[in-house]
Protein chains: 2
Amino acid sequence: MFSPLIDELMHALKVLPGVGPKSAQRMALQLLEHNREGASRLADSLQRAVAGVARCGRCRTLTEQPLCGVCASERRDNTLLCVVETPADVLAIEQAGSYQGKYFVLLGHLSPIDGVGPEDIGIDQLLALLQTEPVSEIILATNPTVEGEATAFYISERAKKAGINVTRIAHGVPLGGELEYIDGGTLAHAFSSRRSL
Amino acid sequence: MFSPLIDELMHALKVLPGVGPKSAQRMALQLLEHNREGASRLADSLQRAVAGVARCGRCRTLTEQPLCGVCASERRDNTLLCVVETPADVLAIEQAGSYQGKYFVLLGHLSPIDGVGPEDIGIDQLLALLQTEPVSEIILATNPTVEGEATAFYISERAKKAGINVTRIAHGVPLGGELEYIDGGTLAHAFSSRRSL
């Protein structure tokens, strides 16, 4: 409809999650009309990130160093290991700011129906870590979905065999949440996991 | 929080309209984890569009050619000239598919409060066009905002002096719109602009 370069840019912008044809059109025109400098900077950042960012050799999160900042840090507690599904989960926990241990990123969850087995989510690498590091507790922070729970259960079984303490983060009513808007599954879980005061 | 390259990418993604810190984070991680090829293609498209796309010499819309496709076309009606505010408006009208004339893009609207006068929106270039081309009707399709209406009024006065027929696109209840959800201003306009059947 427009010139080929603009059409191509609109098409390329649709790789971004949550961006459909209308948003892509708005983004392309906005950048070309009002922010070419920002567009160049974005192109440059994309290229350097694609070329430079790989996986942390220890925890598998995204980083441009051989080891990510958390794994390389001397100040983090080596005895705690939090297992999450994605690098975004690491970021969310880091932004909460209360956890001082280390991480292991599965980059997915067990899902036999999609052909994702233990070897695909780095369970071998996780078990090897438990041998080489003084981990005393594994904190399972996989998502509270069917697959996430199955993955947590699988890891807990393997880790218990290795004699390591395994915990699961709490699930229930979120802070600031109002009971009347909480779904039934969460409420039922919150009741069954109640603790004495 | 993450490595510098990823932080920089998240920051760079925020130049996109409608993208805040959370969306930028999601986009950056999604691209790096699942679609590096798409990210490279996007970087490439951005660079080529920024380098190659400029303004059409006649109608001022965005194009990589000296003249845009509409202006260069032999099949478009030279006697009709539709005046719009942005290249996105051209695209919207082209997608509707019923208009066969040519365009002139103001790239803005008159806004004395922001220091935008007639020379900033290419009125001189528009009047020059009227001299050199066989335009018999100007269709004003600026937005129905205070500034858009003022711009339309200003252009109509100048064009009438040049002896050219000036029309304004119709404003009223959109097709498929339900009366009960239409705002009062639009409804009042629809009543005052009613036409006999």
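Model, not experiment: these values are computed from the prediction.

**Student:** How do you make sense of the relation of the copies chain A and chain B when you look at a structure like this?
**Tutor:** Expressed as a screw operation, the relation of chain A to chain B combines 0.0 Å of axial shift with a rotation of 180°, fitting to an RMSD of 0.1 Å. Each copy turns onto its partner about a two-fold axis. Relative to the rotation axis, the C-alpha of Ala43 of chain A is the closest in chain A, positioned 2.0 Å from it.

**Student:** Would you explain the side chain of Thr151 of chain A in this entry?
**Tutor:** All names here are of chain A. Along the chain, Thr151 falls in helix α7 (residues 146–161). Take Thr151: its relative accessible area is 0%, and that puts it in the buried class. A distance of 2.6 Å separates a polar side-chain atom of Thr151 from the backbone oxygen of Glu147. Excluding anything up to four places from it in sequence, Thr151 contacts Leu106, His109, Leu110, Ile121 and Thr142.

**Student:** Teacher, can you tell me more about helix α3 (residues 36–52) of chain B here?
**Tutor:** Residues that lie three or four places apart on an α-helix share one face, since the helix turns once every 3.6 residues. Look at α3 of chain B: 24 Å from first C-alpha to last across 17 residues, which is about the 24 Å you get at 1.5 Å a residue. Of all the residues in α3 of chain B, the buried ones are Gly38, Ala39, Leu42, Ala43, Ser45, Leu46, Ala49 and Val50 of chain B. The buried residues of α3 of chain B occupy one face: seen down the axis, they fall within an arc of 165°. Looking at α3 of chain B, the residues exposed on the side facing more than 90 degrees away from the buried face are Glu37 and Ala51 of chain B. Tucked into the core, α3 of chain B has its buried residues touching α1 (4–13), α2 (21–34) and α3 (36–52) of chain A together with α2 (21–34) of chain B.

**Student:** Help me understand the interface of chain A and chain B in this model?
**Tutor:** Interface size is often expressed as the accessible area that is lost when the parts come together. On the side of chain B, 54 residues touch chain A, which itself brings 54 residues to the contact. Between chain A and chain B, a total of about 5,100 Å² is buried, with carbon and sulfur atoms accounting for 70% of that surface. If you sort the residues of chain A by the area they bury against chain B, Leu5, Pro17 and Leu46 of chain A come out on top, with a joint share of 12%. Remark: the boundary between chain A and chain B carries two salt bridges. Seen at the junction of chain A and chain B, the total is twelve residue pairs in polar contact (both at pLDDT 80 or more). For the side of chain A that touches chain B, the secondary structure elements donating two or more residues are α1, α2, α3, β1 (54–55), β2 (62–63) and α5 (87–96) of chain A. Element by element, the count of residues in the side of chain A that touches chain B is highest for α3 of chain A, at 14 residues. Within the side of chain A that touches chain B, the residues separate by chemical class into 30 nonpolar, 14 polar and ten charged.

Calculation notes
- Every chain begins its residue count from 1, and numbering advances along the sequence as written.
- By the order in which they are written, chains take letters starting at A while ligands take numbers starting at 1.
- It should be noted that, the model being predicted, local features are given only for residues of pLDDT at least 70 and side-chain atom pairs only at 80 or more, the latter also being counted only at that level, while totals for whole chains, interfaces and linings use all residues.
- Excluded from the side-chain calculation are hydrogens and water; included are all heavy atoms of the structure.
- We place the copies in one frame by least squares, fitting the C-alpha atoms of every residue whose pLDDT is at least 70 in both.
- In this description a helix means any DSSP run of H or I spanning at least four residues, a strand means any run of E spanning at least two, and both kinds are numbered starting from the N terminus.
- Relative accessibility thresholds used throughout: buried, under 20% of the residue-type maximum; exposed, over 50%; partly exposed, between the two (1.4 Å probe, protein chains only).
- In the analysis that follows, any N or O atom pair within 3.5 Å is treated as a polar contact, provided that within protein one partner can donate a hydrogen and the other can accept it, and provided that, for residues neighboring in sequence, both atoms belong to side chains.
- By definition in these notes, contact holds between two residues if any of their heavy atoms fall within 4.5 Å.
- Residue count minus one, scaled by 1.5 Å, sets the expected span of a helix.
- Directions drawn from the helix axis to the C-beta atoms are what define this arc.
- We define buried area as the total accessible area lost by two parts upon association, computed with a 1.4 Å probe and summed across both.
- The working definition used for a salt bridge is a side-chain nitrogen of Lys or Arg within 4 Å of a carboxyl oxygen of Asp or Glu.
- Amino acids outside the nonpolar list (Ala, Val, Leu, Ile, Met, Phe, Trp, Tyr, Cys, Pro) and the charged list (Asp, Glu, Lys, Arg) are all regarded as polar, and Gly is one of them.

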